[in-house]
Amino acid sequence: MQNSKFKIVNRAFSLRLCTFAVISFVLPLAIAAQKETPPAGGQPKAFVFPKQDTYKLSNGMRVTLVQYGSVPKVAMQAVVRAGSLNEMSNQRWISDMVSTLLKEGTSNRTAEQIARETAEMGGSIFSSAGTDKTVIGGESLSEFDTRFLSLLADVMLHPKFAADDLAKVRANKLRELAISKAQPGTLAWEKFRSVIFPDHAYGSIFPTEEGLRAYTMQDVKSFYYNQYGAARTHLYVVGQFDAAKMRAAIEKVFSNWKKGPEPIRNPPKIAAKYSLDVIDRPGAPQSTIYLGMPAMSPSDDDFIKFTVMDSLLGSSFGSRITANIRENKGYTYSPNSFIWNRYKTGYWIENADVTTEHTGASIKEILYEIERLQKEPPSDAELQGIKNYLVGIYVLQNSSRTGVIGQLESGDYNELGPNYLDTYVQKLTAVTPSDISEMARKYLLKDKMTFVVVGDKAKITDQLKPYEN
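Residues numbered from 1 in each chain as written. Predicted model: local features only at pLDDT ≥ 70, side-chain atom pairs only at ≥ 80, totals over all residues. Heavy atoms only, no water.

A.B. asks: Tell me what's going on with the environment of Ile370, and back it up with residues and numbers.
C.D. replies: Here Ile370 is to be found in helix H12 (residues 359-375). Sequence separation between Ile370 and Asp422 is 52 residues, and the spatial gap between their C-alpha atoms is 31 Å. Excluding anything up to four places from it in sequence, Ile370 contacts Leu291, Met293, Leu313, Trp348 and Leu444. (Helix = DSSP H or I, 4+ residues; strand = E, 2+ residues; numbered from the N terminus. Contact = heavy atoms within 4.5 Å.)

Rendered as structure tokens:
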């Protein structure tokens, strides 16, 4: 009897123990499952861009003033339409050397004085040259708004251009060139640009070492005096500042600047065709792949739809190509796609550094994802996730003074019209799954595809044979 009782008690205890174990196992899973399901996001709201005050000086220089934010700082950028597009073909990087020399001193200040005065105003100053423009800009505390403007104008209008500074800048550029030429990514990018823009300034991105060594001070001055001027310049001032004082100061320091030449527009004619180029890097453990087709510029009606497609296919971290060759296959660590665009032209490009033994397989999977998107529209849920991501990125881009300047400058350069920025979110959220597939079918055309692969030719030649024609 006692044994039976003991068995009953023991069975009951075992049952409770099992129940406790099951609850202990299941409950955390249930809680974890609840935590992994985020609440549904709301409908993205329209983003209204800050009000702009745009006007032109008598010499043709354009000015845009924007009161923005509550932090007592102000950002200024003077965008001069003078870059590599304006260089002679045998003078690559001369625009870059000019922009670097601007900060090396003026007829009124040494480089040390420029740096010290900028620091006294709690700010920074920079200059940089690109394909279509040179930007001279910086930030300061709002209480120094017009003082900083005067410093910026001095750097732009009264460069010293000393011979010893040219020697120093040249030495730095030679080191920069040597480093760039040793990187597989820049080698692939250089070749890709030369293939897609064969007879255009966009097709040549590096000077020769001999060319760099041959640049004279006269070359520097010729570029500056022939390519810089008020008619090519747009000054953006964004942040907290005294608008009346700023207008008066801009008039005082810039109105007597020479008008100079008008900006040039020289969009390349693209005659894309299928091609594969391989650059040999014996012993390379990875292959660098650049794969692209002609796309469009932001002024094209398809641009926003194409931007969403690009994000879903390759440019976001959750994109299909990234999920395929990074997460699932493990061929690469950081694949990415992007839209390279300039005025009235553009290219879509997927690039990745992949393990040498998976070079061919990586290309196969990239093409598979393109074809899949061409045939099958994405689900509503997948597309909505991408659109939410892009709306968030757009808002973040516009949440700083320099971000606002970037958006305004891009709109002016691409002639996007006054409502483009205010209606961007609405147009983006209106993109449909069928739009995505249509963009893939319309632009990602295999017969216009350009491949460039940098890697160990002995190990990847056979892998690339299926893509030779």
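A.B. asks: Hey, could you go over unusual backbone geometry for me, with residue numbers and the actual values?
C.D. replies: Look at Lys344: it is not a glycine, yet its phi comes out positive at around 60°. Examined against the element boundaries, Lys344 turns out to sit in the loop between strand S9 (336-342) and strand S10 (345-355). Here Lys344 falls in the partly exposed class, since its relative accessible area comes to 48%. Of note, Glu415 is a non-glycine position whose phi angle comes to about 55°, a positive value. Mapped onto the fold, Glu415 is located in the loop between helix H14 (401-413) and helix H15 (420-429). (Buried < 20%, exposed > 50% of the residue type's maximum accessible area, 1.4 Å probe, protein only.)

A.B. asks: So what's going on with the confidence of the model for the protein? Which residues, and what values?
C.D. replies: In low-pLDDT regions, the fine details of the predicted coordinates are not to be read closely. Confidence along the protein averages 91 in pLDDT terms, with 91% of residues attaining 70 or more. Low pLDDT, under 50, characterises residues 1-13; the stretch is placed with 0 contacts to residues that sit more than four places away or in other chains. Throughout residues 17-33 the model reports pLDDT below 50, and contacts reaching past four residues in sequence, or to other chains, amount to 2 contacts. (pLDDT = per-residue confidence, 0-100.)

A.B. asks: Any details on the side chain of Ser311? Residues and values, ideally.
C.D. replies: Tracing the backbone shows Ser311 in helix H10 (residues 303-315). Excluding anything up to four places from it in sequence, Ser311 contacts Ser316, Ser319, Ile386, Tyr389 and Leu390.

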